[in-house]
There are 4 protein chains.
Amino acid sequence: MTLSDDVLGRARVTDNDELRDYYEELAAYEAGALWTVANKIEPWFPQPASVPVLWRYADLRPLVMRSLDLVKADDAGRRVVMLTNPERRDVAAAVGLLYTGLQIMGPGESMTAHRHQAAALRFVVEGEGAWTIVDGQKLKVGPRDFAITPNWAWHEHGNESADTPCIWQDGLDIPLVNALDAGFYEVHPDLYQEPGKVINSSLLTYGAGSMRPVGPAGAWSKPYSPLFAYPWEPTYEALLDAAKASDGSPYDGVIMEYGNPLTGGSVMPTMSAHMQLLRPGEATQAHRHTGSVIYNVAKGSGHSVIAGRRFDWSEGDIFCVPSWAWHEHANASASEDACLFSFNDFPVMRSLTFWREEASTDDGGHQPIA
Amino acid sequence: MTLSDDVLGRARVTDNDELRDYYEELAAYEAGALWTVANKIEPWFPQPASVPVLWRYADLRPLVMRSLDLVKADDAGRRVVMLTNPERRDVAAAVGLLYTGLQIMGPGESMTAHRHQAAALRFVVEGEGAWTIVDGQKLKVGPRDFAITPNWAWHEHGNESADTPCIWQDGLDIPLVNALDAGFYEVHPDLYQEPGKVINSSLLTYGAGSMRPVGPAGAWSKPYSPLFAYPWEPTYEALLDAAKASDGSPYDGVIMEYGNPLTGGSVMPTMSAHMQLLRPGEATQAHRHTGSVIYNVAKGSGHSVIAGRRFDWSEGDIFCVPSWAWHEHANASASEDACLFSFNDFPVMRSLTFWREEASTDDGGHQPIA
Amino acid sequence: MTLSDDVLGRARVTDNDELRDYYEELAAYEAGALWTVANKIEPWFPQPASVPVLWRYADLRPLVMRSLDLVKADDAGRRVVMLTNPERRDVAAAVGLLYTGLQIMGPGESMTAHRHQAAALRFVVEGEGAWTIVDGQKLKVGPRDFAITPNWAWHEHGNESADTPCIWQDGLDIPLVNALDAGFYEVHPDLYQEPGKVINSSLLTYGAGSMRPVGPAGAWSKPYSPLFAYPWEPTYEALLDAAKASDGSPYDGVIMEYGNPLTGGSVMPTMSAHMQLLRPGEATQAHRHTGSVIYNVAKGSGHSVIAGRRFDWSEGDIFCVPSWAWHEHANASASEDACLFSFNDFPVMRSLTFWREEASTDDGGHQPIA
Amino acid sequence: MTLSDDVLGRARVTDNDELRDYYEELAAYEAGALWTVANKIEPWFPQPASVPVLWRYADLRPLVMRSLDLVKADDAGRRVVMLTNPERRDVAAAVGLLYTGLQIMGPGESMTAHRHQAAALRFVVEGEGAWTIVDGQKLKVGPRDFAITPNWAWHEHGNESADTPCIWQDGLDIPLVNALDAGFYEVHPDLYQEPGKVINSSLLTYGAGSMRPVGPAGAWSKPYSPLFAYPWEPTYEALLDAAKASDGSPYDGVIMEYGNPLTGGSVMPTMSAHMQLLRPGEATQAHRHTGSVIYNVAKGSGHSVIAGRRFDWSEGDIFCVPSWAWHEHANASASEDACLFSFNDFPVMRSLTFWREEASTDDGGHQPIA
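Chains are numbered independently. Their residues run from 1 in the order of the written sequence. Both sets of labels track the order of writing: A upward for chains, 1 upward for ligands. Local features in a predicted model are, by the rule used here, given only for residues with pLDDT of at least 70; side-chain atom pairs are given and counted only at 80 or more, and totals for whole chains, interfaces and linings are based on all residues. Values reported for side chains reflect all heavy atoms of the structure, with hydrogen atoms and water molecules removed beforehand.

1. Digging into helix α3 (residues 57-70) of chain C
All names here are of chain C. For α3, which comprises 14 residues, the first-to-last C-alpha distance of 20 Å matches the rise-based estimate of 20 Å (1.5 Å per residue) to within 8%. Exposure categories follow from relative accessible area, calculated using a 1.4 Å probe and restricted to protein chains: below 20% of the type maximum is buried, above 50% is exposed, and the middle band is partly exposed. Strands are runs of DSSP state E lasting at least two residues, helices are runs of H or I lasting at least four, and both sets are numbered from the N terminus onward. Of the positions making up α3, those classed as buried are Tyr57, Leu60, Leu63, Val64, Ser67 and Leu70. Across the axial projection of α3, the buried residues extend over an arc of 140°, all falling on one side. In this structure, α3 carries Ala58 and Asp69 as exposed residues pointing more than 90 degrees from its buried face. In this scheme, a helix's expected span is set at 1.5 Å multiplied by one less than its residue total. Picture the helix axis, draw a direction to every C-beta atom, and the arc is the one those directions span.

2. Some points on the packing of helix α3 (residues 57-70) of chain B against helix α1 (residues 17-28) of chain C
Lines fitted to C-alpha atoms define the axes, with helix axes restricted to the stretch in contact, and inter-axis angles between N-to-C directions lie between 0 and 180 degrees. Closest axis-to-axis distance for the α3(B)/α1(C) pair is 12 Å, and the angle between their directions is 165°. Looking at the two axes, α3(B) sits roughly antiparallel to α1(C). Where α3(B) crosses over α1(C), the two elements pack in a sense that is left-handed. Between α3(B), through B:Leu63, B:Val64, B:Arg66, B:Ser67 and B:Leu70, and α1(C), the contact on the second element is made entirely by C:Glu18, C:Leu19, C:Tyr22, C:Glu25 and C:Leu26. Put simply, angles under 35 degrees are roughly parallel, angles over 145 are roughly antiparallel, angles from 65 to 115 are roughly perpendicular, and the rest are oblique. By convention the crossing between two helices is left-handed if the near helix lies anticlockwise of the far one by an angle smaller than a right angle, and right-handed if it lies clockwise. Any two residues whose heavy atoms approach within 4.5 Å at even a single point are treated as in contact.

3. What to know about the interface of chain D and chain A
Across the contact, 93 residues belong to chain D and 94 residues belong to chain A. As used here, buried area is the combined drop in accessible area, with a 1.4 Å probe, of two parts when they are placed together. Taking both partners together, chain D and chain A bury about 8,000 Å²; carbon and sulfur atoms supply 63% of that area. The three residues of chain D that bury the most area against chain A are D:Glu30, D:Asp181 and D:Tyr185, which together make up 9% of that side's buried surface. Criterion for a salt bridge: a side-chain nitrogen of Lys or Arg within 4 Å of a carboxyl oxygen of Asp or Glu. Summed over the shared surface of chain D and chain A, the result is 4 salt bridges. For D:Glu25, the salt bridge goes to A:Arg66, with nearest N and O atoms at 2.8 Å. N or O atoms within 3.5 Å of each other form a polar contact, as long as, within protein, one can give a hydrogen and the other can take it, and as long as residues adjacent in sequence are counted only when both atoms are side-chain atoms. If you look at where chain D meets chain A, you find 33 residue pairs in polar contact (both at pLDDT 80 or more). With 7 residues, the top contributor of residues to the side of chain D that touches chain A is helix α3 (residues 57-70) of chain D. As a working rule, the residues Ala, Val, Leu, Ile, Met, Phe, Trp, Tyr, Cys and Pro are called nonpolar, Asp, Glu, Lys and Arg charged, and the rest polar, with Gly in that last group. Within the side of chain D that touches chain A, the residues separate by chemical class into 54 nonpolar, 19 polar and 20 charged. Only when DSSP finds a minimum of two bridges between them are two strands counted as paired. Relative to strand β1 (residues 31-33) of chain D, strand β3 (residues 80-83) of chain A is paired through 3 bridges, and the arrangement is antiparallel. Bridge pairing links A:Val81 to D:Ala33 in β1(D).

4. With respect to the pattern of salt bridges
Where side chains of opposite charge bring their charged atoms close, a pairing between them can arise. Throughout the structure, instances matching the rule amount to 66 salt bridges over all chains. A salt bridge links C:Arg10 to C:Asp5; the nearest nitrogen and oxygen atoms lie 2.9 Å apart. Residue classification places C:Arg10 among the buried positions, given a relative accessible area of 2%. Given the relative accessible area of 29%, C:Asp5 is considered partly exposed. It is possible to trace a salt-bridge network through shared partners that takes in A:Asp15, A:Asp17 and A:Arg20.

What follows is the structure, given as structure tokens:
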């Protein structure tokens, strides 16, 4: 779908000396002629600078491990290998306005507490001893668990394992916050929080989902989920249950959104997260939508076709889909499930009424591969 | 707290012959003098006609069972012993504007489908074979399970057991619907619905609570919960979990509201339901609030003090608390939990901004017993 | 549309001695058999006790005036002739769960302040000096002005005219509040409020409607309109303007709802109000809906057909339309506008999801007149 | 308030050869070390690239006029001199993610219709014949009138004056839309819309603000205001009225937000607009907040101090305030009002929970001027 700009309704001014003089004069007053940039800044459809990228865990893991020796946790703030899109390094974005990275915590390590306007989420990749304290609540998380650190919530992390490091994937909306000139940051005045005595108390209080606590716990008015950690087992079970009652989505298999149990909304106002199940042999059809997505392969192996390029993935791999790029997924196994964790900026798209979605109708819903 | 009406600011007109003539003249025009009724219709605080009542399951069960022989299900429409408050028989209310009754279905029986503006809910008391089809979705429910039949949803019931009857408690807002002149009723054109193939599909789809389905199932826009049945086991487990993270309410022990997993709101726009846990030996303090409540003793035994009267209860008993009546609950056992199921009209109180709540501060929060 | 109850799906139990014994036994336990009342309490469609009534101002005015001499304002609390529906006198309702009356204040008179859970509204019929102080804000209102006294807002009234009385129509939801056992009442501790210096400040602050104040005035969080008085002139002008851009409603002519300028919602959570314009010669078609309505003829003369009965009206007359009654309106003049003020309980119908509406398709949309 | 990064809780890794090698290796995998950029991308407080700028209408007007001869309207698409912040030329932003420009239409001219995801607003600076057709509705606008062209609404403009050009200021969220990779654009299939017969119909229908149309017009469900044009006269009158009832804001004088009359929300989901009145001699105190603002001097003259720099302004001048910059305003006249129109991205800040605000407490609320 290449649309020509040489039509009535688009800017088609031919340059000449007089205009060039005029443009110079405008520039002297911090001004310019709209028609010189109109077609570029009002494109027919989104023109993201971001491209699809797949980061192999097999490549990254040794590098991440190496950082344990290279820098002290306290010097680094957090020991993180960030993943950046080739044309988005200046804003530290993995895709669109989303940041991601792999964070490692050595055995017995813990880090100081801070808070920032940017919202954060974690998806645990390996290791058994990871914990985080979010606004005074201590959470313990293991592989494939999902946790949130909402904006401006105090948080600090650590690893209580005696011998193995923990690695999780961080997702943040830092580039979004900066694009909107809204970033704030504070170091905790005591450097460390005093956690409450009950571990995973939000899970005990809100984990049942359809049972709402009465009283102060039910009167939660913050703009993010009161449930801070979503363990893997009930998540996976929810997908298996849903698969019994529905065929799922033609584009995503059986897919569910991590929700705020008190509102049904997304876990945070700027980012949402999904877990999806590709059944043995399942290959979905292509669709595209506004909004950027970063995936982590939680289980199994397969491939995705994104903007006409094929990316083969297996457990721990990370890949991204830029806004408005066609994408489809396939499970490589005829006998095993594959599961993709992902997070995105859809809540922003929806709040600002920028959400659009389109299904591919060509070629049985599949893209030609370049 | 007895407040006198003989004060400035209340109606204090002394009757006389001239006024009596005047009132007669007004009556001829379908009119009257406000001051003759002002103090009555604008009381200092609520003056419900309803009184606290306890209905013993031991008394009612034989009567309910007898109805199996006395009337055919198809003739009765539904075979139900309704429970009525002494001063509210004219509107078939158990308390305030809430209706309740015990419905029995004989082995192998099934009943025709209808729908009505009134919303209905069920709490299963005994029997293993009960089912209901709600808007084409077949639900199977057992003891202590909770299910809803939202307003204007087609529904029909039955009992697939070969040998034992099933009894559940019905709760409806029929008196409310009638007070607002809003009642509609339809018999299903085919007399019976064609249910979908998956049993309890809403539980498979929405039961995880904090995982929201993506796509049509997540885009549910009806004003009631998409989850139609709430089984006992996870409900009880949720209470036990919550008790680990919180001391609960001083008035209600550990109490949770059955919620709409997509909105966190009440299960239906006119009625909500709770399950509460009184820990061994627990005796709560008194509070009062607007809104009427009907309880069913789900587990254990104990007593409640309501408006200064003590009511002892055990499993299967039903009792009610009128609006603005003080009430407190106590578990009789030092070693076993007690659980109270209840439903109420709080969503109405909240929608109309009529909700008020007050804690007792006298005598350690306990009422003197009359 | 008469629907028979002698069909499968309705209660059709034939009485006999055994059943009569059974019913007696049930009654001893505050219980009954649902099938004896099922068809009555679950009607095919609403069966209001209220009937259409028209109260002529010419009849009522002399009686209202007479109350000035018969009772002192302070003894009466408020000097009001209330209007009651023949079958709803027990709850002081004019129709459904709505109360109305004509209140008179003598020259120079003022009354003490109180507040109550019931919400109140006023529509001024005659007199130039009326004022009311609502939560400390003094309002002056004249003929055809509309004002609100939201629930639990302190209010007191008076008439600053030296020689003429003022009469306004009161509308309250007292019967609704009582039906829900939610009534509270307080006399102002100082008997009178200390009003702010600016008269009609809410009109100055919020009257522009589409311009929202920034800061505390814009952060209003109460569940009712911050605009307490709606003068006649801009209301009428709004109708004339709307008539230029639209043909209006086939059932109501050009009709607009008095709105909360900060939310667009109804002025109060339990009652809403409309002003409608019947253009010269206009006769609308019949429709019906749930919810009760009380009208005041603000301007002109004409007639309404309600549930098949014709009611002729002229300025100052009051009439009511019960829930689900067909109704249509006609302006008697070929050259002059007619305007109907009305208030209703539609917000209740909508909050509780009881709202239904139906257009007449018979006979060109007109009812046969009995 | 300069905060040091040389503290525990910030990244403080010292560079060395080993690390440099490591960084190179990471780069090969589209990765990097977070600690090398952490302090920059998570600043203590917002660090906008935008600076305060004032564009004098006296400077710009001749240049804008000249474009009439330099380019044909149809070739330019729109004949607009855009205003760009020195460090934001790459994204065509005047400040933050907001675009603005001065558009000129020659006598008798009209332009083709298009629509785009970006939302647009207009504030008329001079000329009497300007019109715009928005989604089929023709609006006529004159000096100081405000109009909106919501996202994805068809729109086309023209000038029906026989002899004078019209100039208005455009405001768009183009940079925001592009930052989120969400831009779409379409030329109208017929090149021109067929407007409805009634001019300014939204003003006739919704202009009363506090009177809400009943029926389809009241059931508007689009995410922007149904009122498309806000004339100057009632806007100014609303400010004068509000000034009688309130002292206004210490930071902004008497300020009101152009509102969606059906919801009370902002006119569009991504941009809001205000008109504010600085009374004769009024000088406000400084405050700062997240979100960017672009002002147009609607009336009078004065100055603003922004981030410590003084900018003197008179009618027609445009200036901007970047996110988190201190700012205060002063009316230069002791006898005349000054009015500032402004638009902003506050709805984005609020939707994404990025809104913060702070009052200056130093020096009587005034900034030292650099």
